[in-house]
Structure formats: structure tokens, C-alpha cells
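# Structural characterization, general
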Amino acid sequence: QVQLVESGGGLVQHGGSLRLSCAASGSIFSIYRMNWYRQAPGEQRELVATITTGGSTNYADSVKGRFTISRDNTKNTVYLQMNNLKPEDTAVYYCNANLQGIYTYNYWGQGTRVTVSS
């Protein structure tokens, strides 16, 4: 079992920055692929950024060059640095821990809301 707690959301103006954090507990954090998803009102949840156990990253086209995902395995924490925020980035952001092998393990945080004003 992995427990995930997000923090760092809030209200920011167009062009501003926020850093989201996701603290994990309950299992060996370093073995999980970590992801940030977001869900805007009336929309499906979408994958925003991924960081593998080896530190490789991948981003949705809509956030490339603006968002940076990172992880600190010593602190069991994954981050999402969001720069040059746009109103279309407004959503609830969710942290996800994923482990695939013989079994698949998938854990979610409760979400943190980001609102970008125009």
C-alpha cells in the first residue's frame, strides 16, 4: 500500500508559477513510476507528466517546456514545477504511483486544486 498526499495547489495569475508536491508513505517509493494527472471540470482525467524509477521523464504536449516533474527518493516525494501557467491549466491535479509486474499496483492521492486566472 502507498499513501499519497498532494500539496501546493492554489490560485495564481496567468503567467505565474506553482510547485506541487506529493509525499508518499507506506511502501518503497523508489520502485514506483510516478505520474501527475489532472482533471478539469467536465473533462476526463489526463496524464500530464511521468517520471520513471530511473529518472526519465515524459510530458503531455500541452505542458512541454512549461512543467517539470522531479522526484527525491530520499524524501519519498515527487514534484511538479509549473511555470508560465495558463487558464487552461486550471484543474484538480492528482499524484499517481504505478508499479507493473506480475501484478499491477496503482495508487492515487486526493488531489490538489490549481486555478489560473486570466
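The structure contained in this document is the topic of the report that follows. Only a predicted model underlies this, so the values are computations on that prediction, with no experimental measurement involved.

Now for the pairing of strand β9 (residues 91-100). Here is the key point about a regular strand: its side chains alternate between the two faces of the sheet. With eight of its 10 residues buried, β9 lies for the most part within the structure. Note: strand β4 (residues 33-39) against β9, seven bridges, orientation antiparallel. Following the sheet pairing, Asn35 is matched in β9 by Asn96. Pairing of β9 with strand β11 (residues 112-117) involves three bridges; the strand directions are antiparallel. Directly across from Ala91, in β11, lies its bridge partner Val114. Relative to strand β10 (residues 104-108), β9 runs antiparallel, the two sharing five bridges. In the strand pairing of β10, Ala97 is matched with Tyr107. Taking the residues between adjacent antiparallel strands as the criterion, β9 and β10 are bridged by three residues.

Conventions we followed
- Residues numbered from 1 in each chain as written.
- Predicted model: local features only at pLDDT ≥ 70, side-chain atom pairs only at ≥ 80, totals over all residues.
- Heavy atoms only, no water.
- Buried < 20%, exposed > 50% of the residue type's maximum accessible area, 1.4 Å probe, protein only.
- Helix = DSSP H or I, 4+ residues; strand = E, 2+ residues; numbered from the N terminus.
- Pairing = 2+ DSSP bridges.

Take it as geometry only, folks, not as evidence of what the structure does.
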